[in-house]
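Residue strings, one per chain:
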Amino acid sequence: MPIERSERLFINLSILMLVIFFIAVLVSAFIGGLQVPAPAGTIDPAAINQTAPFDNPGVRELVPGKRYEVVMIAQTWAFIPGEIRVPAGSEVTFRITSRDVIHGFEITGKNANVMLIPGQISLVKVKFDKPGEHYIICHEYCGIGHQTMYAKIIVEPAPQAAK
Ligand SMILES: [Cu+2]
């Protein structure tokens, strides 16, 4: 059965678009550092205060000056802890959950953006190369105090290497 010329053109355009989008996915995954959210565990939101590690939120040093873990709780309308200090050149894994409603987690100037769902634990890995300040902001509307919900990340100059 012959295919009409205009139909053939649209079939070819559709195939071309699939190829372009597939290449875009590969580029963002391998060059853009795309992080696909993966389930990192579940938690009973009512028992956060009794469940490790969320019973003790804060910054943990895994490898001094290089690798850190931040255990963080989002709740209306704050992130706990509200201020984080790490040295430049460190890789930080954020382990976050929400105590009450759905919150957002975005780090300004970084490739980090997840939703925080009560009962779910999210993991985000971020590298901080240069000294400076970043903000963690909530991007899911979570009530009348939503616009005040943020935390600060202070990236301090790396300590001089011992000679
Ligand atoms: Cu919010």
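Small disclaimer: the values here were computed from a predicted structure and weren't measured.

1. Some points on the overall build of the chain
Turning to step 1, where the next piece is worked out: Looking only at helices and strands, the chain has one helix and ten strands in total.
Turning to step 2, where the next piece is worked out: For a compact globule of 163 residues, the expected C-alpha radius of gyration is about 15 Å, and the chain comes in at 21 Å, more than 25% above that figure.
Turning to step 3, where the next piece is worked out: Dimensions of the chain, computed from C-alpha atoms along their principal axes, come out at roughly 70 × 50 × 30 Å.
Turning to step 4, where the next piece is worked out: Sorting the 163 residues of the chain into buried and exposed places 31% on the buried side.
Turning to step 5, where the next piece is worked out: Carbon together with sulfur atoms contributes 61% to the accessible area of the chain, which is approximately 10300 Å² in total.
Turning to step 6, where the next piece is worked out: Both charge centroids of the chain, one from 14 positive and one from 14 negative side chains, sit 9 Å from each other.

2. Quick notes on the side chain of Ser122
Turning to step 1, where the next piece is worked out: With respect to the helices, strands and loops of the structure, Ser122 is situated in strand S8 (residues 122-128).
Turning to step 2, where the next piece is worked out: In terms of polar contacts, Ser122 uses its side chain to reach the backbone carbonyl oxygen of Met115, at 3.5 Å.
Turning to step 3, where the next piece is worked out: What Ser122 contacts, discounting residues up to four positions off in sequence, is Ala40, Phe94, Arg95, Ile96, Val114, Met115 and Leu116.

3. Observations concerning the packing of aromatic side chains
Turning to step 1, where the next piece is worked out: Going through the model one piece at a time under the given rule, you end up with three aromatic pairs.
Turning to step 2, where the next piece is worked out: Measuring from ring centre to ring centre gives 5.7 Å for Tyr135 and Tyr150, while their planes differ by 65°; the resulting arrangement is edge-to-face. Of the two residues, Tyr135 is situated in strand S9 (residues 132-137) and Tyr150 in strand S10 (residues 150-156); the sequence distance between them amounts to 15 residues.
Turning to step 3, where the next piece is worked out: Given a relative accessible area of 47%, Tyr150 falls into the partly exposed group.
Turning to step 4, where the next piece is worked out: Put simply, the rings of Phe79, Phe94 and Phe105 touch in pairs and so form one group of aromatic residues.

4. Section: the domain arrangement of the chain
Turning to step 1, where the next piece is worked out: As assigned here, the chain comprises domain 1 (1-34) and domain 2 (39-156).
Turning to step 2, where the next piece is worked out: Computed over C-alpha atoms, the centres of domain 1 and domain 2 are 38 Å apart.

5. So, the coordination of the copper ion
Turning to step 1, where the next piece is worked out: In the first shell of the copper ion, the protein supplies Cys138 (SG), Glu140 (O), Cys142 (SG) and His146 (ND1), at 2.0 to 2.7 Å from the metal.
Turning to step 2, where the next piece is worked out: Every donor counted, the four donor atoms about the copper ion form angles of 83 to 125° at the centre, which fits irregular coordination.
Turning to step 3, where the next piece is worked out: One chain supplies every donor to the copper ion, and in sequence these donors are spaced C-x1-E-x1-C-x3-H.
Turning to step 4, where the next piece is worked out: For Glu140, a relative accessible area of 23% corresponds to the partly exposed category.
Turning to step 5, where the next piece is worked out: In this structure His146 comes out as buried when scored by relative accessible area, which is 15%.

Conventions and cut-offs
Residues numbered from 1 in each chain as written. Predicted model: local features only at pLDDT ≥ 70, side-chain atom pairs only at ≥ 80, totals over all residues. Heavy atoms only, no water. Helix = DSSP H or I, 4+ residues; strand = E, 2+ residues; numbered from the N terminus. Rg over C-alpha atoms; globule rule 2.2 N^0.38 Å. Buried < 20%, exposed > 50% of the residue type's maximum accessible area, 1.4 Å probe, protein only. Areas by Shrake-Rupley, 256 points an atom, 1.4 Å probe, with all protein chains shown as cover. Lys, Arg positive; Asp, Glu negative; His and termini not counted. Charge placed at Lys NZ, Arg CZ, Asp CG, Glu CD. Polar contact = N/O pair within 3.5 Å; in protein donor to acceptor, adjacent residues only side chain to side chain. Contact = heavy atoms within 4.5 Å. Phe/Tyr/Trp six-rings, centres within 6.5 Å; stacked < 30°, edge-to-face > 60°. Domains from an automatic or database assignment. Donors = N, O, S within 2.8 Å, 3.2 Å for Na, K, Ca; no water. Tetrahedral: all angles 85-135°; square planar, octahedral: opposite > 155°, others 65-115°.

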